[in-house]
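Notes for the structure review
Below are the chains, spelled out letter by letter.
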Amino acid sequence: MDTANDAEIREQTTRRLEKAMGTFGTAALTRMEEQLPWFRRMPADQRSWIGLVAQAGIAAFVEWFKNNERTRPAIAGEVFGTAPRELLRAIKLQHTIDMVRVIIDVVETRLDELAAPGGEAQLREAILRYTRDVAFGAAQVYARAAETRAAWDARLEALVVNAVLQGEVDDGMHSWAAALGWTSKPVTVIAGFTPEDEEPEVTIDQMQLAARRARADVLAGVQGHRVIVIVGGDTDPMDAARPIAAKCGPGPVVVGPRVPDLYDSTLSAQAAVAGLRAAAGWPDAPRPVQATELLPERALDGDDEARRYLVDSVYNPMLAAGAPLLDTLTTYLEQGSSLEATARLLFVHPNTVRYRLRRVTELTGLAPTDGRNAFTLRIALVLGRFQSR
């Protein structure tokens, strides 16, 4: 508690501070112009706002000092509250610390002039206490701004993911993605399940961290127990999917086909989600698995896109190649993949069967001798016959 003499010295110092207060803001701006390169590069309106912030900080200090430092100064409201929110985005926390240091230097260079005789130590100690509170106040302001921005970004990210799933990929959605810093091409969508007993925010943070390590950009959203991840960049989709799959919960992780950009991302998302639904039909599927590897299960599950693909890209090329090719494949599959049995039933040499099966592989990319490919070919044959009815 101040003695009577200390109180008199404080009162005299306060009067000196109030008299000199008007010059502090100008002096601080001049010193910042000289010492801070980033300040010199700022537009005039932003420099003006910084001047007001500096002036508000000095005024708040004088008022606080005048009241015997009885309460902790309300730094956020009195000092940083004078600046528009846009200034927080233009000035980094380190810049704010630089500003505080300059203002302290300006005040300390005039300490002997500002303090009443015998009050130099009193004023110096008050400055140190106040600037400490300014530093903490600045950190709180930037932390709150970061939390607000993070919450807004999370909502925006969820909107982008939902728009992709709903097929509402327009210029408005692109603006949302651009606001999140998204510029990546091409694009792949990955679908999986969330980990049990984990908050959605934690799941998304973990996946974003995993994707950054894989040098990929991501937008992610959680919908119930399902997590959808949009991956952008030149990274191989399966390479990007593996670290993301490690952060998913139990169950399949399905990778949609790569598409040129965000405008086409709905195609990849629909394939990934359809694959996630149908993956139960292939319990031994790899994790992650490409949506194209789940075409037969997706077709059986009612996915029209998978059915069209199997007819257009698998059945129709074989049909165009001639009936003997279809007959050979059908017989081969019905005879349990036996070359000899197929040759006997068709009255051809086994080498002829081998040749025709190779042609099937060339036309469809699916080898009938592979068990998984044989299953896909069988489904394609059935769907193709349905179309020919």
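Basis of the calculations
Residues numbered from 1 in each chain as written. Predicted model: local features only at pLDDT ≥ 70, side-chain atom pairs only at ≥ 80, totals over all residues. Heavy atoms only, no water. UniProt positions renumbered as here; feature names shortened; annotations may be inferred. Buried < 20%, exposed > 50% of the residue type's maximum accessible area, 1.4 Å probe, protein only. Helix = DSSP H or I, 4+ residues; strand = E, 2+ residues; numbered from the N terminus. Pairing = 2+ DSSP bridges. Core = buried A, V, L, I, M, F, W, Y, C linked by side-chain atoms within 4.5 Å. Contact = heavy atoms within 4.5 Å. Salt bridge = Lys/Arg side-chain N within 4 Å of Asp/Glu carboxyl O. Axes fitted to C-alpha atoms, helices over the stretch in contact; angles between N-to-C directions. Parallel < 35°, antiparallel > 145°, perpendicular 65-115°, else oblique. Left-handed = near helix turned anticlockwise from the far one by under 90°. Nonpolar A, V, L, I, M, F, W, Y, C, P; charged D, E, K, R; others polar.

The protein goes by PucR family transcriptional regulator in an unreviewed UniProt entry, where it is assigned to Actinomadura syzygii. According to the UniProt record, the Sequence similarities (unreviewed entry) comment for the protein is "Belongs to the CdaR family."

This next bit is on the pairing of strand 3 (residues 226–232). By the criterion of burial, strand 3 is predominantly enclosed, with six of the seven residues buried. Note that strand 1 (residues 187–193) and strand 3 share seven bridges and pair antiparallel. Within the sheet, the bridge partner assigned to Ala191 lies in strand 3 and is Ile228. Sheet topology places strand 2 (residues 217–223) next to strand 3; seven bridges connect them, and they run antiparallel. Each bridged residue has a counterpart across the sheet, and for Gln223 the counterpart in strand 3 is Arg226.

For the rest of this paragraph, the subject is the nonpolar core. Ranked by internal contacts, the top residues of the largest apolar core, which has 32 residues, are Leu17, Phe24, Met32, Phe61 and Leu123. Every element with two or more residues in this core is listed here: helix 1 (4–35), helix 2 (37–40), helix 3 (44–66), helix 6 (93–109), helix 7 (111–114) and helix 8 (120–166). With nine residues, helix 3 is the largest single contributor of residues to this core. If near-sequence neighbours (up to four positions away) are discounted, Phe61 is found in contact with Leu17, Leu123, Ala126, Ile127 and Tyr130. Within the second largest apolar cluster, 28 residues are counted, among which are Val161, Val169, Met173 and Ile230.

What follows concerns the pattern of salt bridges. Counted according to the given criterion, the structure contains eight salt bridges. The residue Glu18 makes a salt bridge to Lys66 at a minimum N-O spacing of 3.6 Å. Pair noted here: Glu18 is in helix 1 and Lys66 is in helix 3, with a separation of 48 residues, a long-range link. Judged by its relative accessible area of 37%, Glu18 is partly exposed. Note on Lys66: relative accessible area 44%, which makes it partly exposed. Residues Glu362 and Arg359 are paired through a salt bridge, measuring 3.1 Å at the closest nitrogen-oxygen approach.

Here we take up unusual backbone geometry. Note the cis peptide between Arg287 and Pro288, where omega equals 0°. If you trace the backbone, Pro288 turns up in the loop between helix 12 (265–278) and strand 5 (289–290). One non-glycine residue with positive phi stands out, namely Ser337, at about 65°. You can see Ser337 is positioned in the loop between helix 15 (323–334) and helix 16 (339–346). Backbone geometry places Phe347, a non-glycine residue, at a positive phi of 55°. Position of Phe347 among the secondary structure elements: in the loop between helix 16 and helix 17 (350–364).

Next up on the list: the packing of helix 15 against helix 18 (residues 371–387). Relative orientation of the contacting elements helix 15 and helix 18 amounts to 125°, with a least axis distance of 11 Å. Relative to helix 18, the element helix 15 lies oblique. Classified by chirality, the crossing of helix 18 by helix 15 is left-handed. Along its contact with helix 15, which presents Leu326, Leu329, Thr330, Leu333 and Glu334, the element helix 18 presents Ala374, Leu377, Arg378, Leu381 and Arg385. Residues belonging to the contact of helix 15 with helix 18 are distributed by class as follows: six nonpolar, one polar and three charged.

Mapped onto the fold, Ala158 is located in helix 8. For Ala158, a relative accessible area of 39% puts it in the partly exposed group. As a C-alpha pair, Ala158 and Leu219 span 61 residues in sequence and 8.2 Å in three-dimensional space.

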